[in-house]
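# Coordinates in review
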Amino acid sequence: MSRRVLLARVAAVGALVLGAVAVGFAPAHAASATATFTKTASWDSGYTAQFVVKNETSAAIAGWKVEFDLPSGTSVAAYWDALQTNASGHYTFTNRDYNRTVAPGATVTFGFNATGPGVPVNCKLNGAACTGAPTVTTTTTTTTSPTTTTSPTTTTTSPTTTTTTSSTTTTTSTTTTTTTTPPVGLPKRVLVGYLHASFANGSGYIRMKDVSPDWDIINLSFAEPTSVTSGDLRFQQCPVAECPNVESEAEFIAGIKEKQAQGKKVLISIGGQNGQVQLTTAGARDAFVRSVSAIIDRYGLDGLDVDFEGHSLSLNSGDTDFRSPTTPVVVNLISALKSLKARYGAKFVLTMAPETFFVQLGYQFYGGGSGQDPRAGAYLPVIHAMRDDLTLLHVQHYNSGPIMGLDNQYHFMGGADFHVAMADMVLAGFPVRGDATKVFTGLRQDQVAIGLPASVNAGNGHTSVAETHKALDCLMKGTNCGPYKPKATYPNLRGLMTWSINWDKYNGFEFSKSHRAYLPR
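So, a few notes on the structure that sits alongside this text. The shown structure was predicted, so the numbers you read here are calculated from the model rather than taken from an experiment. (Residues numbered from 1 in each chain as written. Predicted model: local features only at pLDDT ≥ 70, side-chain atom pairs only at ≥ 80, totals over all residues. Heavy atoms only, no water.)

## With respect to the packing of aromatic side chains
In this description, an aromatic ring pair is defined by two values, namely the gap between the centres and the angle between the planes. Threshold: For this analysis, a ring pair means two rings from Phe, Tyr or Trp (six-membered ring only for Trp) whose centres lie within 6.5 Å, classed as stacked if their planes differ by under 30 degrees, edge-to-face if by over 60, and tilted for the remaining angles. Secondary structure elements are defined from DSSP: runs of H or I of at least 4 residues count as helices, runs of E of at least 2 residues count as strands, and each element is numbered from the N terminus. Buried means the residue's accessible area, taken with a 1.4 Å probe over protein chains only, is under 20% of the maximum for its type, while exposed means over 50%, and partly exposed covers the values in between.
If you walk through the whole model with that rule in mind, you get 28 aromatic pairs. Seen from their ring centres, Phe 51 and Phe 68 are 5.4 Å apart, and the 15° between their planes marks the pair as stacked. Here the residue Phe 51 occupies a position in strand S3 (residues 46-55), and Phe 68 occupies one in strand S5 (residues 65-69), the gap between them amounting to 17 residues. Just as Phe 51 is buried, Phe 68 falls in that class too. Note on Tyr 194 and Trp 499: the rings are 5.9 Å apart at their centroids and 55° apart in plane angle, and the pair reads as tilted. Residue Tyr 194 is found in strand S13 (residues 190-196), and its partner Trp 499 is found in strand S25 (residues 495-499); the two are separated by 305 residues along the sequence. The structure contains a cluster of three or more aromatic residues connected by ring pairs, namely Phe 37, Tyr 47, Phe 51, Trp 64, Phe 68, Tyr 91, Phe 93, Phe 110 and Phe 112.

## With respect to the layout of surface pockets
In plain terms, the rule: Any residue with an atom within 4 Å of a point lines the site, the site being either a cavity, points on a 1 Å grid over the protein atoms alone where a 1.4 Å probe fits but cannot get out, or a pocket, an open set with protein on both sides within 12 Å along at least 5 of 7 lines. Grid points are joined across faces, edges and corners, and a volume is the space filled by probe spheres set on the points. All amino acids are sorted into three groups, where Ala, Val, Leu, Ile, Met, Phe, Trp, Tyr, Cys and Pro are nonpolar, Asp, Glu, Lys and Arg are charged, and the leftover types, Gly among them, are polar. Each domain span listed reflects an automatic or database assignment of domains.
Approximately 200 Å³ is the volume found for the second largest pocket. Around the second largest pocket, the lining is made up of twelve residues, and of these Ala 77, Asn 113, Arg 285, Asp 286 and Ser 339 lie nearest the centre. Within the residue set of the lining of the second largest pocket, elements represented by two or more residues are strand S6 (75-80), strand S10 (107-115), helix H3 (282-299) and helix H4 (328-344). Residues belonging to the lining of the second largest pocket are distributed by class as follows: five nonpolar, five polar and two charged. Of the residues that make up the lining of the second largest pocket, three or more belong to each of domain 1 (33-129) and domain 2 (190-518).

## Some words on the side chain of Glu 247
Heads up, the condition is: Neither His nor the chain ends is counted toward charge; the positive residues are Lys and Arg and the negative residues Asp and Glu. Basic side-chain nitrogens of Lys or Arg form a salt bridge, by our definition, when they fall within 4 Å of a carboxyl oxygen of Asp or Glu. Note on contacts: a residue pair is in contact if any heavy atoms of the two residues lie within 4.5 Å.
Looking at the secondary structure, you find Glu 247 in the loop between strand S15 (233-234) and helix H2 (249-261). No salt bridge is formed by the buried Glu 247. Its closest oppositely charged neighbour is Arg 207, at 4.7 Å. Dropping the residues within four chain positions of it, Glu 247 is found in contact with Tyr 205, Arg 207, Met 208, Gln 237 and Phe 252.

## So, the nonpolar core
Side chains of nonpolar character tend, in soluble globular proteins, to be buried together. Keep this limit in mind: What makes a nonpolar core is a set of buried Ala, Val, Leu, Ile, Met, Phe, Trp, Tyr and Cys residues whose side-chain atoms join them at distances within 4.5 Å.
Grouped together as the largest cluster of nonpolar side chains are 116 residues, with contacts concentrated most on Leu 220, Ile 268, Ile 270, Phe 288, Leu 304 and Met 352. If you tally residues by element for this core, the top one is helix H6 (residues 416-428), at ten residues. Setting aside anything within four residues of it in sequence, one finds Met 352 in contact with Asp 305, Val 306, Leu 337, Tyr 379, Val 382, Ile 383, Met 386, Leu 390, Leu 392, Leu 393 and His 394. Within the second largest apolar cluster, 26 residues are counted, among which are Tyr 47, Phe 51, Tyr 91 and Cys 123.

Structure representation (structure tokens):
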């Protein structure tokens, strides 16, 4: 999210590579199901681990359960892509809905952070040894899921004939037409706005208590690190010299509580144009968790917005599968977000505001050896890993170059078609780098909003109210579509995000008033 009209790029800072070390539970039989344990990162007090469940049989597995023991002095902290229970050091991990089914020859993964040096022992997969059973028939009788469901992959296919089938993808989710209860107390339709809380940026300072009631999520901008690689975040209110009407901290906090009493969610946004954050080490990851928690607790906030831009995220050479990332800045960010979610629980609001370069560009190019910019698609592993905990993804449909859509045509900022094509990609899903075996599954409709500048002053790619409503008509109602036709209709698309609340006021509240009327709660 740019403080200026144009998005500035800064030089990359090198990342420290943490070697992945495989230990224990190596597959031993070719015709059975196996669960392989790998340490992906280690530090003095613990490690990050991943299990890969592989189906080497000829029949699909409809549900999986991995259980093991950890020795005294070692415990599981944050975990992801599974459900977990613990009984006196005996840990059980079971599938989520989106990765329940494992097709023949396919794999699914889950991971966790461990405190302590011990590694799993006595590992079982669906009641059999994790190293695999000696015959194929063993695996066909060890499925313990109470229900059998078929993974809906048709919403994640590419429009090309070479990628119309995604049945071999290792990660699945509900179809894009599934509706769910809106999470964490938010209304069905939301407007998300960034509030210049630490600077004015020429648009004028707005006191917290004076923020328009049209906004449902207010992102305080920004918390920034003490250095690029420290992971130590700081947030300060706008200085009086820049914002003469800034309120006291007590008044600021009182304003936050007042908005929350009205049903609004107030988040701290991390990063922005100037706040490069690279969690290259476990120490930086832990500092990130501590400092973000301190900001949330100090101001009584509802959660976190991740607005990493520039060179905060990039992929190392060889890191080519978004489902199993190995680059430290990505792995550590996922681990940190999992820890924050575990700390604050179900009411924790997590949003992300990546640029199209870091998400939709992944349809063509994926960093880490693609021969392109190593940042291409670099948000995808983070979004994928956090999809169960993600409240809202609002990709910035601005400050963007041309992006290829699922129609294999390039789309350009400023008109309805760009927004329809870009939103369709994250809702329908797409094969990453064109690989039909590595499909990014579409998010739920209630998890997706469209990011726009509030005015021509706020960023490149401003879209008129009429063109924005045309895009929403096409996506939500299947009407008023232009050349690009979305893969489905998305009546439960969550809403719109803008940079920024301040620029909206500067522009006479055109964004909030016009779009609030179109998107009633």
